[in-house]
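Summary of the model geometry
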Amino acid sequence: MKPRLLLCNVDVDTDLASDRSARQRQSCLDARFYFLPCGGPDDRILLDAAAPESYRSYLSGLGLGLPGECSEGEVLTGHVAFPWGWSRSAIDRFRRHGADPHHPPLATVRTVNNRRFCHETARRHGLGLEGSALCASAAEARAHIRASRTFPLVLKPEHGNAGIGLVLVGSPGEAAAVDRIYSRPGSSAVIEPWVERSADLSSRMELDRSGRVVALTHHRALVNRAGVYFGNLLLPDDPLLARWRRRLEEGAAIVARELHAAGYFGPAGLDWIVHAAGGRESCVLVDVNARQPMSLLAYALRDRLAPGRACLLLFAPRRRYPALTDYASWRRRLGQYAFDPGRGTGILLFTPLSYDAGGTRYRPLRHGFFIAANSAEEIREYDRRLRNAFTKD
């Protein structure tokens, strides 16, 4: 396999949305480091930030061979471009470094990353949430809300991910909430009924240029009530996935055909929810992301450190762990529960504790943890130990 030039440009989602808060801008900068523990020593990485050497030393000490940083002006002929998602700025940057940006047309990328694509695909093939509607104008959305007999409703702008930009409407009187979603000319949005989810599932796949699905996996996603993603759970024998596997496989095949028909190839993530409807459970498609899904991190770390084990990828706000300040305290407080490469189990911190960018020192808004264990029960115990170890100074 050719060496890769890695760029974790998660800002591709908010760039499509054309609206980023200061907090979202820092989140995008924080994410530049996500690919570091996923790449190998033959790869290189574009970071735009510098973490203390203790961060690399910590990861290397766990047996991870890490990619070297690519410097400005450096040419890496023979490397393959590996972004989070395709954008004009990412393509231009890869070309400046001599990496091969083998990518689908950008107009196609924008089309299939639009929630209109997911909504229409789901509607055509009976995969979606009953009662969902695509509203092409603010007036249409307000009329839909005022006519609705069930609340709350969820408004999803055409572009965005992981809960970014979602609006919850609790009554017909809150119809004015649509205005900020339709702030740009030509904007559209999907309106869905709020349902009580019993589970969140995700599919991760890769399409080649011929439309063939060359890789497909399914796993649990961790999503809070506001629709914000915070992790993935990978279990070797997951009874929930076994129950819905046929639905996930058939749905992924349908979406793959639609993506190919639109001219797309490359990675994609599908998000599903399980909920009760009419006295029975249903598994419905709620989002398609034509880019690398966050579960890439979970699979990469599992494959490199804990093949075949139960694994949890977890993002948590930094404020929940006030005592997590340095790697010495990390090892001291976790003790035997810290990840042990020889054992292949334990807790790993894959995000830096701080970094510098543009002359400013940052502390990531969220810590990223990876837990490998022998069972789901053991994962829960590790998670409990993690919370207890760092919640107090």
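Given the structure is predicted, the values throughout are model-derived calculations rather than measurements.

**Points about the overall build of the chain**
- Of regular secondary structure, the chain possesses eleven helices and 18 strands.
- The C-alpha radius of gyration computed for the chain amounts to 21 Å, which stays within 12% of the reference 21 Å derived for 393 residues, consistent with globular compactness.
- A burial count over the chain gives 54% of its 393 residues as buried.
- At a minimum sequence separation of 6, the contacts of the chain that also span at least 24 residues come to 67%.
- In the chain, the 54 positive side-chain charges and the 42 negative ones have mean positions that sit 2 Å from each other.

**A closer look at the sheet that holds strand 6 (residues 153–157)**
- With respect to topology, four strands assemble into an open sheet ordered 5-8-6-7, the strand pairing being antiparallel. Each end of this open sheet is capped by a strand with a single partner; those strands are strand 5 (133–135) and strand 7 (167–169). Within the sheet, the average angular offset between the axes of one strand and its neighbour, ignoring direction, is 25°.
- Pairing between strand 6 and strand 7: three bridges, direction antiparallel. Across the sheet, the residue bridging to V154 is L168, located in strand 7.
- Each of strand 5, strand 6 and strand 8 (189–193) is contacted by helix 6 (residues 115–125), which is oriented at about 145° to strand 5, the strand it contacts most.

**Concerning the sheet that holds strand 18 (residues 366–373)**
- One open sheet accounts for eight strands, arranged 13-12-9-10-11-14-18-15; its pairing is antiparallel. The open sheet has two free edges, formed respectively by strand 13 (280–289) and strand 15 (346–349), since each of these has just one partner strand. Strand-to-strand, the axes of this sheet are offset by a mean angle of 25°, without reference to chain direction.

**Points about the nonpolar core**
- Membership of the largest hydrophobic core comes to 69 residues, with the highest contact counts inside it found for F35, L297, L313, W330, F350, F369 and F390.
- Aside from chain neighbours lying at most four places away, what touches F35 is L6, L7, C8, I45, F82, P83, W84, L296 and L297.
- In terms of nonpolar packing, the next biggest core, distinct from the first, is built from 39 residues, W86, F117, L241 and W272 among them.

**A short note on the packing of helix 3 (residues 53–60) against helix 10 (residues 327–334)**
- Direction vectors running N to C along helix 3 and helix 10 enclose 40°, while the axes themselves pass 11 Å from each other. The angle between helix 3 and helix 10 falls in the class oblique. Residues S54, Y55 and Y58 of helix 3 lie in contact with helix 10, whose contacting residues are Y327, W330 and R331.
- Along the lines of polarity and charge, the residues of the contact of helix 3 with helix 10 split into four nonpolar, one polar and one charged.

**A word on the pairing of strand 1 (residues 4–7)**
- In strand 1, alternate side chains face the same way, and those of R4 and L6 on one face and L5 and L7 on the other are all buried.
- With three bridges connecting them, strand 1 and strand 2 (residues 44–46) associate as parallel partners. Paired with L7 across the two strands is L46, which belongs to strand 2.

**A short note on unusual backbone geometry**
- The omega torsion of the bond from F151 to P152 falls at 0°, within 30 degrees of zero and hence cis.
- Here P152 is to be found in the loop between helix 7 (138–147) and strand 6.

**With respect to helix 11 (residues 376–390)**
- Helix length check: helix 11 (15 residues) gives 22 Å between terminal C-alpha atoms against 21 Å at 1.5 Å per residue, within 8%.
- Buried residues of helix 11: I379, Y382, D383, L386, A389 and F390, and no others. End-on, the buried residues of helix 11 take up no more than an arc of 130°, which puts them together on one face. In helix 11, the exposed residues that point more than 90 degrees away from the buried face are E377, R380 and N388.
- Those residues of helix 11 that are buried lie in contact with strand 11 (229–234), strand 14 (310–317), helix 10, strand 15 and strand 18.

**Focus on the pattern of salt bridges**
- Going through the model one piece at a time under the given rule, you end up with 23 salt bridges.
- Residues R124 and E258 are paired through a salt bridge, measuring 3.0 Å at the closest nitrogen-oxygen approach. One end of the pair, R124, is in helix 6; the other, E258, is in helix 8 (residues 239–261), with 134 residues separating them in the sequence.
- Given a relative accessible area of 45%, R124 falls into the partly exposed group.
- Judged by its relative accessible area of 17%, E258 falls in the buried class.
- For D383, the salt bridge is made with R387, and the minimal N-O distance between the two is 3.7 Å. Taken together, the residues span about one helical turn, with D383 and R387 both in helix 11 at a distance of four residues.
- The network of salt bridges with common partners includes D11, R32, D48 and R93.

About the criteria used
Residues numbered from 1 in each chain as written. Predicted model: local features only at pLDDT ≥ 70, side-chain atom pairs only at ≥ 80, totals over all residues. Heavy atoms only, no water. Helix = DSSP H or I, 4+ residues; strand = E, 2+ residues; numbered from the N terminus. Rg over C-alpha atoms; globule rule 2.2 N^0.38 Å. Buried < 20%, exposed > 50% of the residue type's maximum accessible area, 1.4 Å probe, protein only. Contact = heavy atoms within 4.5 Å. Lys, Arg positive; Asp, Glu negative; His and termini not counted. Charge placed at Lys NZ, Arg CZ, Asp CG, Glu CD. Pairing = 2+ DSSP bridges. Axes fitted to C-alpha atoms, helices over the stretch in contact; angles between N-to-C directions. Core = buried A, V, L, I, M, F, W, Y, C linked by side-chain atoms within 4.5 Å. Parallel < 35°, antiparallel > 145°, perpendicular 65-115°, else oblique. Nonpolar A, V, L, I, M, F, W, Y, C, P; charged D, E, K, R; others polar. Expected span 1.5 Å × (residues − 1). Arc of directions from axis to C-beta. Salt bridge = Lys/Arg side-chain N within 4 Å of Asp/Glu carboxyl O.

Shape descriptors only; they carry no functional weight alone.
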